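# Structure at a glance
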Amino acid sequence: MAAPAWLRTLLSKLGACVHRRRDDAALDDEIALHLTLMEERLRAQGLSASEARREARRAFGGVQQLRESHRSGRGFAWLTGAAQDSAYALRMLRRQPAFAAVAILTLALGIGANTAVFSVVEAVLLRPLPYPSPDRVERVGWIWNDRGPATGAMAPFKFEYLRTQTAAFESVATWVVATRDVGARGAGGSATVLRVSHDFFDVVGSRPSPGRAFSGDEQTPGGPDVAVITDACWTARFGRDSGVVGSTLILDDRAYTIVGVMPPAFEFPEIASPVEAILPLALRANPGDLGANYQVIGRVRAGLDRAAVQADLDGIVDRLRRERPEQFSGVGERAVLMTFQEINLTDVARPLWLLLAGVGVVLLIACTNVANLLLARGTTRLHELAIRRALGASRTRIVRQGITEGIVLSALGGAAGVALGGAGVRAFIHLAPAGIPRMDQVRLDGLVLAYTTFVVLVTGVLFGLASTELGGRRGVSASVPVAARGTVNTPAGRRLRQWLIGVEAGLAMLLLVAAALLSSAFYQLTRTDLGFDPRGLVAISFRRPPAVFRTVDRGHATERALVAQLAALPGVAGAATTTVAPLGERGYNMPMTVEGRPDLTEGAIEWRAVSREYADLMGLRLLAGRWLADDDVAARRPVTVINASFAARYWPEANPIGLRILPGVFRGERRQGTNPTSLEIIGVVDDVRDLGPTKAVRRTAFIPQTGTEGVPVFLVRALGVSTDALRAAVRQADAALPDPVVSTFESRLASRLAKDRLASGLTGLFAAVALALTAIGIYGVVSWVVRHATREIGLRMALGATRARVLRQVLWRGLLPVSVGLVAGGGASLAASRYLVGLVVGAARVSPGVMLAAAGVLTLTAIVAACVPARRAMAIDPAVALRME
Amino acid sequence: MDHGRPEVLQGTLDLMILKALDALGPLHGFGVARRLEQVSDGVLRLNEGTVYTALLRLGQRGWIRSSWGVSERNRKARFYAITGAGRRRLAREEQGWKQIAGIVDRVMRLAPEKE
């Protein structure tokens, strides 16, 4: 099919851009030939040589005009025009280096911040997951009851049922992540390993090469120890040795035969840390194991939508509920499809979007400022623009020139901004809390640069329009005389600039309120009364349960010996054990029912098996009854101490001492593997926020640690005791104990608050930048007013106005738009604040205090920025001012 | 300047050039100019240079194509020839032109109505 005429025109024009010189020469040849032939013809008609020459040229018309019209018809005239305009714009910028520097720096700040935050948003939130047809990869989670949130994991028996019954999934697998020591005696450090069930490689759409995936017998309990390693592990630990398949990888002192190597492209973003090895997971589908500890990932059959997959899941769960009702404890317990974001990015996605909005506001302020600068320059260039219009430049031509200048300016700012953004990305990665998937893949790539280019173009066009609007709109007759007088103070220009200042102040107000809100919440958070003193508190734990704790008596003996050993260290104020280290990743919960009161039942009470010394070490305040005693442990007495929240929930008026609770029982059902004996409540202690300042206090029951309650974590209050001394004490207590992990509570607290610190810190930074930019903007407007109103001020003073009155008047011109902006920005921040609630734990709605503080800071900044140039107005000598002109 | 000569109507130059190339086969620019002079009996007022602008325009739209050849007395010259697309265009334009010309002609012939 023939191309349409317009397309052929476009193509030939594009070609002409390349062949400009050649086409010029060809036309010259044609013209020469034409003139020669014409002359010959005229000579033949009897004209003289000179007459023929003249007549031929006359008949032909203007040669130079033809050349030009031919050239512009051939290529894109506007392209050459744009090149001229750009060169002109660059010349103008060079002539005003201060203006250029301020404008480019301002833009670089705005564009740089946007580039940095957008690269993070792109890599973490927007980039498709690294699987073939990633939209077909889904995760299955579990909801325990109607109200509860979904956990991104399932119990093994339910997973196995789902795997065999599903019609919607092409393949479905479960995986568990673990940390293993590498090499003999852990000499190779620790590594993240993935344990996966049968169809894992089909789900992620990537198989080992070289080597193979796991065979059937390798996936059964008691099968051979085999491993597939990742490309990163192959490089780091085996130097890409081609004979790696068949060799051995030692994990936790067990030798695994390497059967395959994953291709370099394999990634598993479902966990934040890079995987080194994949091991087969021989799933024991024990119906008694109700713990949702197995993450489920599946590949949906092509053409099914999420609703259809969810319907399939619902059907399977209904069947399972009919067949095995004992598998269910809660009403509304069911399987749900979950997105990658829902599982991995719940507390990351919103802060990132809000940060992007925040830098967007900073960019708006930066643009407003630059537009203001351009406008100021635009008024001084009014004269130039008026002359150009008078000389016949069309309005379009002048606006086009303005837009080109705007784009040149924002392109320069953008280039500096991209460099700044690169540094910002590195800073962001450094500051970001651990555990954000794909944070390591954040970089300035094509999409980010496309985004930046888009931002640059939009801002450039806006600037261009702003800077030429004044000159372009006014008629020639109006602007030439005004401009020629040199004192330009058009009311329209002033109003526009005041508008911009108002917008700027409003935007700055928005950011200030957000920053004040978040940082006050963060400050509260760091000052949260945990109920215990974390200073000097150190946790000593083990990466894996040491073998000595497998038997109750040996375990108990080791625990007592180590507590004694630690307590005896010089500088140690006390030692105790617990099964849940304070400020750890997670608690441990269990259902309970009050004995004789089936209506007083709860699905998740926090349980802590602690030693007698725990209350003293943590400083728990006893509210009623007594704390655990040594003989409670020795006699294995079934007793418990509950916290104040627990007591207040069930016995707000009465005394719970002497009542009994049934652990592991919920709505008449007993959870498998729990102690059937009831526990007597012997005391009530005050609440402690042992899950960290960001978590609400949970109802908690303390029971004596008798060696049957799992592996203890040792707590020590040690000021000025070296880690090595603590490790040595562990070795002395029991030589069979492995090297422990020692962590201070200050560091645990800091990592608990990393996300909140980042959100409030960055918002504060943006607000500071916004404030600085606004101050520059206000300064600019007021000094412009003063400069252009010198004569007017002189006249007023000559007529008897006091200096104070002049100062007020000048200040007012700067501060009026600021106060309008304050009100508008305050209103906007009220509306926006609900998106901020929860960004930092404890951040509530905007309070009058926060609003007033932000308004106060902004007003003060505005007054200072306006006062500096306004003082110049006061110093004007009326006599001098009146002689101007 | 002779006032008796009509100016070339916008757009009609393209039509006339297409027609000339269609009727006479490949021509160089000078040849096109001579043909236009000849058919209008020297009545058309035309800067001959504008022929080249029109030739460029027609070439860009794909209605004519050009190639370098040798003219009378062995001079290198660029020859323009009409293409298939150009012929189709010409046919359409010709028809449109005849219609318009017919209508204008009829309107011009109307005698004032008698009361």
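Since this is a predicted model, take the numbers as computed values, not measurements.

What counts, and where the lines are drawn
Residues numbered from 1 in each chain as written. Chains lettered and ligands numbered in written order. Predicted model: local features only at pLDDT ≥ 70, side-chain atom pairs only at ≥ 80, totals over all residues. Heavy atoms only, no water. Helix = DSSP H or I, 4+ residues; strand = E, 2+ residues; numbered from the N terminus. Buried < 20%, exposed > 50% of the residue type's maximum accessible area, 1.4 Å probe, protein only. Contact = heavy atoms within 4.5 Å. Areas by Shrake-Rupley, 256 points an atom, 1.4 Å probe, with all protein chains shown as cover. Salt bridge = Lys/Arg side-chain N within 4 Å of Asp/Glu carboxyl O. Axes fitted to C-alpha atoms, helices over the stretch in contact; angles between N-to-C directions. Parallel < 35°, antiparallel > 145°, perpendicular 65-115°, else oblique. Left-handed = near helix turned anticlockwise from the far one by under 90°. Nonpolar A, V, L, I, M, F, W, Y, C, P; charged D, E, K, R; others polar. Pairing = 2+ DSSP bridges. Buried area = accessible area lost by both parts, 1.4 Å probe. Polar contact = N/O pair within 3.5 Å; in protein donor to acceptor, adjacent residues only side chain to side chain. Phe/Tyr/Trp six-rings, centres within 6.5 Å; stacked < 30°, edge-to-face > 60°. Lys NZ or Arg CZ within 6 Å of the ring centre and 35° of its normal. pLDDT = per-residue confidence, 0-100. Expected span 1.5 Å × (residues − 1). Core = buried A, V, L, I, M, F, W, Y, C linked by side-chain atoms within 4.5 Å.

Looking only at helices and strands, one finds four helices and three strands in chain B. Start at the N end of chain B and walk to the C end: the helices and strands fall as α-β-α-α-β-β-α. Here chain B holds 115 residues, and 37% of them are scored as buried. The contacts in chain B between residues at least 6 apart in sequence include a share of 55% that link residues at least 24 apart.

With that settled, the discussion passes to the overall build of chain A. Helix and strand counts for chain A stand at 28 helices and 23 strands. Long-range pairs, those at least 24 residues apart, make up 80% of the contacts in chain A between residues at least 6 apart in sequence. Surface accessibility of chain A: about 40,300 Å² in total, with carbon and sulfur atoms responsible for 58%.

Taken as a whole and judged by the stated rule, the model has 37 salt bridges over all chains. The salt bridge partner of B:Lys76 is A:Asp29, with a shortest N-O separation of 3.5 Å. With B:Lys76 in strand 3 (residues 75–82) and A:Asp29 in helix 2 (residues 20–44), this residue pair bridges two chains. With a relative accessible area of 36%, A:Asp29 lands in the partly exposed category. Ionic contacts of the salt-bridge type, sharing partners, join the residues A:Glu559, A:Arg560, A:Arg612, A:Glu613 and A:Asp630 into one network.

A few words now on the side chain of A:Arg127. All names here are of chain A. Tracing the chain through its elements places Arg127 in the loop between helix 6 (97–126) and strand 1 (137–143). Classification of Arg127 as buried rests on a relative accessible area of 17%. Once residues within four sequence positions are removed from consideration, Arg127 is found in contact with Glu122, Arg438, Gln441, Arg443 and Asp445.

Residue and element names in this part refer to chain A. Two elements in contact, helix 25 (residues 790–798) and helix 26 (residues 803–836), have axes whose closest approach is 10 Å; the angle formed by their N-to-C orientations is 150°. In terms of their interaxial angle, helix 25 and helix 26 are classed as roughly antiparallel. Seen from above, helix 25 lies across helix 26 with right-handed handedness. Of the residues in helix 26, those touching helix 25 at Glu792, Ile793, Arg796 and Met797 are Arg803, Val806, Gln809, Val810 and Arg813. Residue composition of the contact of helix 25 with helix 26, grouped by class: four nonpolar, one polar and four charged.

This part takes up the sheet that holds strand 3 of chain B. Residue and element names in this part refer to chain B. Read across the open sheet, the three strands follow the order 1-3-2; overall the sheet is antiparallel. Both edges of this open sheet fall to strand 1 (27–28) and strand 2 (64–71), since each of them pairs with a single strand only. Two strands pair when backbone bridges link them, and strand 2 and strand 3 are joined in this way by eight bridges, in the antiparallel orientation. Looking at the pairing, Arg65 lines up with Ala81 of strand 3.

Another point: the interface of chain A and chain B. Accessible area lost upon the coming together of the parts serves often as the stated size of an interface. Listed as interface residues are 25 residues of chain A and, on the opposing side, 24 residues of chain B. Carbon and sulfur atoms make up 57% of the surface buried where chain A meets chain B, a total of about 2,100 Å² over both sides. Linking chain A with chain B are four salt bridges, by the criterion used here. Where chain A packs against chain B, one counts eight residue pairs in polar contact (both at pLDDT 80 or more).

For any two aromatic rings, the description comes down to two numbers: the centre-to-centre distance and the angle of the planes. Residues and elements named next belong to chain A. In this structure the tally under the stated criterion is 11 aromatic pairs over all chains. Each ring, one from Phe201 and one from Phe214, has its centre 5.8 Å from the other, and the planes form 55°; the classification is tilted. In this pair, Phe201 is assigned in helix 8 (residues 200–204) and Phe214 in the loop between helix 8 and strand 5 (226–229), connecting sequence segments 13 residues apart. The same class applies to Phe201 and to Phe214, which are both buried. Considering the side-chain rings of Tyr614 and Phe702, the 5.8 Å spacing of their centres and the 45° angle between planes classify their relative orientation as tilted. Of the two residues, Tyr614 sits in helix 19 (residues 614–618) while Phe702 sits in strand 21 (residues 700–704), which places them 88 residues apart along the sequence. Aromatic ring contacts, followed pair by pair, group Trp175, Phe200, Phe201, Phe214 and Phe268 into a single cluster. The ring of Tyr650 has Arg649 lying over it, and the distance from NZ or CZ to the ring centre is 4.6 Å.

Moving on, we get to unusual backbone geometry. Residue and element names in this part refer to chain A. In this model, Ser209 is joined to Pro210 through a cis peptide bond whose omega is 5°. For Pro210, the position within the fold is in the loop between helix 8 and strand 5. Not every positive phi belongs to a glycine, and Arg240 is a case in point at roughly 55°. Structurally, Arg240 is set in the loop between helix 9 (231–238) and strand 6 (248–251).

Residues and elements named next belong to chain B. Here chain B shows a mean pLDDT of 80. Residues at 70 or above account for 85%. Every residue in residues 1–6 scores below 50 in pLDDT, and together they form eight contacts with partners more than four places removed in sequence or on other chains. As a predicted assembly, this complex carries a pTM of 0.66 together with an ipTM value of 0.84.

For the rest of this paragraph, the subject is the sheet that holds strand 12 (residues 572–578) of chain A. All names here are of chain A. Taken together, the four strands give an open sheet; going across it, the order is 12-22-11-23, and neighbouring strands pair in antiparallel fashion. The open sheet has two free edges, formed respectively by strand 12 and strand 23 (741–744), since each of these has just one partner strand. For this sheet, the mean inter-axis angle between neighbouring strands, taken without regard to orientation, is 20°. With four bridges joining them, strand 11 (residues 537–541) and strand 23 adopt antiparallel strand pairing. Counterpart to Ser541 in the pairing with strand 23 is Val741. Against the sheet, helix 18 (residues 552–567) touches strand 11, strand 12 and strand 22 (713–718), its axis set at about 160° to strand 12.

For the rest of this paragraph, the subject is the packing of helix 18 of chain A against helix 22 (residues 723–733) of chain A. All names here are of chain A. Between helix 18 and helix 22, whose axes approach to 9 Å, the crossing angle comes to 140°. On the basis of the axis angle, helix 18 is oblique to helix 22. In the crossing of helix 18 with helix 22, the sense of the turn from one axis to the other is right-handed. Only Leu726, Ala729, Val730, Gln732 and Ala733 of helix 22 make contact with helix 18, whose side of the interface consists of Ala561, Leu562, Gln565 and Leu566. Residue classes in the contact of helix 18 with helix 22 are distributed as seven nonpolar, two polar and no charged.

A few words now on the pairing of strand 5 of chain A. Residues and elements named next belong to chain A. What you see with strand 5 is no split at all: Val226 and Val228 on one side and Ala227 and Ile229 on the other are buried throughout. Bridge count for strand 5 against strand 8 (residues 277–280) is two bridges, and the pairing is antiparallel. Of the residues in strand 8, the one forming a bridge with Ile229 is Ala277.

Looking along a regular strand, one sees the side chains alternate between the two faces of the sheet. Residues and elements named next belong to chain A. Burial analysis of strand 21 places five of its five residues in the buried class, which makes it a mostly covered element. Residues of strand 21 alternate between two faces, with Thr700, Phe702 and Pro704 on one and Ala701 and Ile703 on the opposite face, all of them buried. Bridge count for strand 14 (residues 597–610) against strand 21 is five bridges, and the pairing is parallel. The residue of strand 21 that forms the bridge with Glu606 is Thr700. Strand direction decides the pairing type here: strand 16 (residues 639–643) and strand 21, joined by two bridges, are antiparallel. Note that in strand 21 the partner of Ile642 across the bridge is Ala701.

Looking now at helix 1 (residues 12–24) of chain B. Residue and element names in this part refer to chain B. Its 13 residues place the ends of helix 1 18 Å apart at the C-alpha level, agreeing with the 18 Å of an ideal helix rising 1.5 Å per residue. Every buried residue of helix 1 is listed here: Thr12, Leu13, Asp14, Leu15, Ile17, Leu18, Ala20 and Leu21. Check the buried side of helix 1 and you find it contacts strand 1, helix 2 (29–39), helix 3 (50–60), strand 2, strand 3 and helix 4 (84–109). Count one or two residues on from helix 1 and you reach Gly25, which has phi positive near 80°.

Let us now look at the environment of A:Leu374. If you trace the backbone, A:Leu374 turns up in helix 12 (residues 346–380). Since its relative accessible area comes to 4%, A:Leu374 is described here as buried.

Take the environment of A:Phe201 next. Residue and element names in this part refer to chain A. Of the residues examined, Phe201 reaches a relative accessible area of 3% and is grouped as buried. Each C-alpha atom of the pair Phe201 and Met262 lies 9.9 Å from the other, and the pair is 61 residues apart in sequence. With residues up to four places along the chain from it excluded, the contact list for Phe201 reads Ser206, Arg207, Pro208, Ala213, Phe214, Val228, Met262 and Ile278.

What follows is about the nonpolar core. Ranked by internal contacts, the top residues of the largest apolar core, which has 97 residues, are A:Val124, A:Leu194, A:Phe200, A:Phe268, A:Ile278 and A:Phe428. For A:Phe428, the contacting residues outside a window of four places in its chain are A:Val120, A:Leu352, A:Leu355, A:Met439, A:Leu758 and A:Leu762. With 36 residues, the next largest nonpolar core counts B:Leu21, B:Leu27, B:Val51 and B:Trp63 among its residues.

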